[in-house]
Amino acid sequence: ERVTGLNTGDCAGHDWIHAIHHNYQYNVNEALLQAQNGMDGRCLVQAYRDADETTLGWLMIDIKAPTARQPSTMVLFRDLTEHKALEEALKQTESALAVSEKSRAAFLSSMSHELRTPLNAILGFTGTLLMRLPGPLTSDQEQQLRTVQVSARHLLSLINDLLDLAKIESGKVELRT
């Protein structure tokens, strides 16, 4: 009753077949024919869950062939509506994660490039100043330039590590032994 909206008496005959959405009635009929030929049948169908045929749910229908102990065909319904809804939500989540991962990888690659370019300029100009090409430096200026150089190299190293991580995660890195 909970699964099809039919009472137990209605299910004793063939009225329950009308609860099955017309796109799936052939599958049910095939499973019923299997049962008449002595083989159990199974099908996944959509069925109406209310009398006015507005709400569809998913049912797994197992049809048991008659046996000597059980001379009637037995039809068992399992409501999989919630399971199918969770399955669909999982597919949507996986799809969203894939899009998010691609966006993250593109962002990392772009930002790494955008950060490395000015850092290389900072390192280049710092190196030029430390070589005293524009002119002499005081010891204070040299110390400050060395601090800038060390910090810029450290930051460049971190950015390179991020790029390497993005490459590893995207499968674009080959390991050599």
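This one's a predicted model, so the numbers in the text were calculated from it and none came from an experiment. (Residues numbered from 1 in each chain as written. Predicted model: local features only at pLDDT ≥ 70, side-chain atom pairs only at ≥ 80, totals over all residues. Heavy atoms only, no water.)

A.B. asks: Explain the overall build of the chain here, please?
C.D. replies: Regarding its fold elements, the chain presents four helices and three strands. Each helix (α) and strand (β) of the chain, taken in turn from the N terminus, gives the series α-α-β-β-β-α-α. For 177 residues, the compact-globule formula gives about 16 Å, and the C-alpha radius of gyration of the chain, at 35 Å, lies well above that figure. Seen through its C-alpha atoms, the chain measures out along the principal axes to roughly 105 × 45 × 25 Å. Expressed as a percentage of the 177 residues in the chain, the buried residues total 24%. Just so you have it, the chain exposes about 12,700 Å², and 56% of that area is on carbon and sulfur atoms. Positive and negative charge centroids in the chain, built from 17 and 22 side chains respectively, lie 12 Å apart. (Helix = DSSP H or I, 4+ residues; strand = E, 2+ residues; numbered from the N terminus. Rg over C-alpha atoms; globule rule 2.2 N^0.38 Å. Buried < 20%, exposed > 50% of the residue type's maximum accessible area, 1.4 Å probe, protein only. Areas by Shrake-Rupley, 256 points an atom, 1.4 Å probe, with all protein chains shown as cover. Lys, Arg positive; Asp, Glu negative; His and termini not counted. Charge placed at Lys NZ, Arg CZ, Asp CG, Glu CD.)

A.B. asks: Mind showing me how you'd approach the pairing of strand β2 (residues 56-64) here?
C.D. replies: Looking down a regular strand, the side chains alternate between one sheet face and the other. Where strand β1 (residues 41-48) meets β2, eight bridges bridge the pair, whose relative direction is antiparallel. Bridging from a neighbouring strand, Gln46 pairs with Trp58 of β2. Where β2 and strand β3 (residues 74-79) come together, six bridges link them in antiparallel fashion. The residue bridging Ile63 from the neighbouring strand is Val75, located in β3. (Pairing = 2+ DSSP bridges.)

A.B. asks: Hey, could you run me through the pattern of salt bridges in this one?
C.D. replies: Where charged atoms from two side chains of opposite charge approach closely, those side chains can pair. Applying the stated rule across the entire model yields six salt bridges. Put simply, Glu101 and Arg104 hold a salt bridge, and the shortest N to O gap is 2.8 Å. Of the two residues, Glu101 and Arg104 both sit in helix α3 (residues 81-130), three residues apart, roughly one turn of that helix. Residue Arg104 is classed as partly exposed on the basis of its relative accessible area, which comes to 31%. Between Arg132 and Glu142 there is a salt bridge whose closest N-O contact spans 2.5 Å. (Salt bridge = Lys/Arg side-chain N within 4 Å of Asp/Glu carboxyl O.)

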